[in-house]
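Structural overview
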Amino acid sequence: EAQVTQNPRYLITVTGKKLTVTCSQNMNHEYMSWYRQDPGLGLRQIYYSMNVEVTDKGDVPEGYKVSRKEKRNFPLILESPSPNQTSLYFCASSIRTLGIQEQFFGPGTRLTVL
Amino acid sequence: AQSVSQHNHHVILSEAASLELGCNYSYGGTVNLFWYVQYPGQHLQLLLKYFSGDPLVKGIKGFEAEFIKSKFSFNLRKPSVQWSDTAEYFCAVDERSNDYKLSFGAGTTVTVRA
């Protein structure tokens with residue numbers, strides 16, 4: 001089954017404790033992206049990657065890191081989480097053909113930073 | 001920068017009522033347009049999309065949307081809602097540029113009363 005998976009689905013942590021949220025897709029998509037969803041703000045892009053070893057900042061990259069060592073994986077790293085990073089996080093992947101793309105979203109990771 | 005505006009933050013309807021959710025975007029070039037739905041506790045699912053051709057597009061679950069280029073709008077409609085349509089709805093716009101960026105509106109929460 002074609003899908004985007006994220007782990008963990010729920011995480012409660014404390015300020016300053018490094019964490020990683022994993023994202024994996026089995027569709028051989030070149031493009032992957034991370035979003036955070038906050039009430040009244042919709043989804044905002046954190047980082048994206050156009051291919052292996054190619055990453056770039058989205059709209060809200062502060063406090064986050066990413067890596068893309070393999071095509072299928074795109075982990076999100078919070079080196080020193082803070083309470084304002086409490087949010088719902090979505091990973092997405094897509095492929096673009098002739099200017100047309102469709103993003104497929106993972107199930108989400110609900111993060112609480114105390 | 002691209003902006004996507006959804007006119008209503010929260011809509012409350014009775015079953016069998018008609019639904020229309022507004023979406024406007026600011027980018028003047030060629031765009032791809034999407035509506036996503038997020039049912040309570042679930043991830044985003046694609047309702048419908050517009051790339052080119054007939055500006056009236058039909059999606060899943062009886063939803064349709066109309067692209068009006070002159071108004072920079074992509075409004076979502078459903079003639080008769082059901083209780084199961086209770087969800088949050090997001091409009092999203094892709095500028096067809098090379099950065100694969102998908103910009104989301106803030107979302108509209110739709111509550112359908114039985």
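As a starting point, this report considers the structure included with it. Bear in mind the structure is a predicted one, so any value in this text is a computation, not a measurement. (Residues numbered from 1 in each chain as written. Chains lettered and ligands numbered in written order. Predicted model: local features only at pLDDT ≥ 70, side-chain atom pairs only at ≥ 80, totals over all residues. Heavy atoms only, no water.)

With 28 residues, the main nonpolar core has Trp35, Leu48, Phe74, Leu76 and Tyr89 of chain B as its most contacted residues. Broken down by element, the residue count for this core peaks at four residues, all from strand β10 (residues 87-94) of chain B. Ignoring sequence-local partners within four residues, the contact set of Leu76 of chain B consists of Leu19, Glu20, Leu21, Trp35, Leu47, Leu48, Phe63, Glu64, Ala65 and Tyr89 of chain B. Counting 19 residues, the second largest nonpolar core, distinct from the first, contains Val21, Met27, Val66 and Leu76 of chain A. (Core = buried A, V, L, I, M, F, W, Y, C linked by side-chain atoms within 4.5 Å. Buried < 20%, exposed > 50% of the residue type's maximum accessible area, 1.4 Å probe, protein only. Helix = DSSP H or I, 4+ residues; strand = E, 2+ residues; numbered from the N terminus. Contact = heavy atoms within 4.5 Å.)

Moving on to the sheet that holds strand β1 (residues 4-7) of chain A. Residue and element names in this part refer to chain A. Taken in spatial order, the four strands of this open sheet run β1-β3-β8-β7, and their pairing is antiparallel. At either margin of the open sheet sits one strand with a lone partner, and together these are β1 and β7 (65-66). Across two bridges, β7 lies against strand β8 (residues 76-78) in antiparallel orientation. From the neighbouring strand, Lys65 faces β8, where its bridge partner is Ile77. (Pairing = 2+ DSSP bridges.)

A few words now on unusual backbone geometry. Cis geometry is adopted by the peptide bond preceding Pro8 of chain A, which originates at Asn7 of chain A and carries an omega value of -5°. If you trace the backbone, Pro8 of chain A turns up in the loop between β1 and β2 (10-13). Here the phi dihedral of Glu53 of chain A falls at roughly 65°; this positive angle occurs in a residue that is not glycine. Along the polypeptide, Glu53 of chain A turns up in the loop between β5 (42-51) and β6 (54-57). Of note in this structure, Lys61 of chain B is not a glycine but carries a positive phi near 60°. On the basis of relative accessible area, Lys61 of chain B is assigned to the partly exposed category, the value being 44%.

Okay, a nonpolar patch on the surface next. All names here are of chain A. A cluster of nonpolar residues, Ile12, Val14 and Leu114, forms a patch on the protein surface that exposes about 320 Å² of accessible area. Relative to the elements of secondary structure, Ile12 occurs in strand β2. The exposure class of Ile12 is exposed, given its relative accessible area of 63%. (Patch = residues over 30% accessible without salt bridge, like charges linked within 9 Å, V, L, I, M, F, W, Y side chains within 5 Å. Areas by Shrake-Rupley, 256 points an atom, 1.4 Å probe, with all protein chains shown as cover. Salt bridge = Lys/Arg side-chain N within 4 Å of Asp/Glu carboxyl O.)

Turning our attention to the pairing of strand β9 (residues 73-78) of chain B. Residues and elements named next belong to chain B. Counting buried positions along β9 yields five of six residues, so the element is predominantly enclosed. Pairing between strand β3 (residues 19-21) and β9: three bridges, direction antiparallel. Across the sheet, residue Leu21 finds its bridge partner in β9, namely Leu76. The pairing of strand β8 (residues 64-68) with β9 spans five bridges and is classified as antiparallel. In the strand pairing of β9, Ala65 is matched with Leu76. Between β8 and β9, which pair antiparallel and follow one another directly, the connecting turn spans four residues, one of which, Phe72, has a positive phi of 50°.

On to the environment of Phe90 of chain A. Residue and element names in this part refer to chain A. Position of Phe90 among the secondary structure elements: in strand β9 (residues 87-97). A relative accessible area of 0% places Phe90 in the buried class. For the pair Phe90 and Thr109, spaced 19 residues apart in the sequence, the C-alpha separation amounts to 6.5 Å.

Moving on, we come to the pattern of salt bridges. All names here are of chain B. If you walk through the whole model with that rule in mind, you get nine salt bridges over all chains. The partner of Glu66 in a salt bridge is Arg77, and the shortest N-O contact between them spans 3.3 Å. With Glu66 in strand β8 and Arg77 in strand β9, this residue pair connects regions lying eleven residues apart in the sequence. Look at Arg77 and you get partly exposed, because its relative accessible area is 23%. Among the charged side chains, a salt-bridge network with shared partners connects Lys58, Glu64, Glu66 and Arg77.

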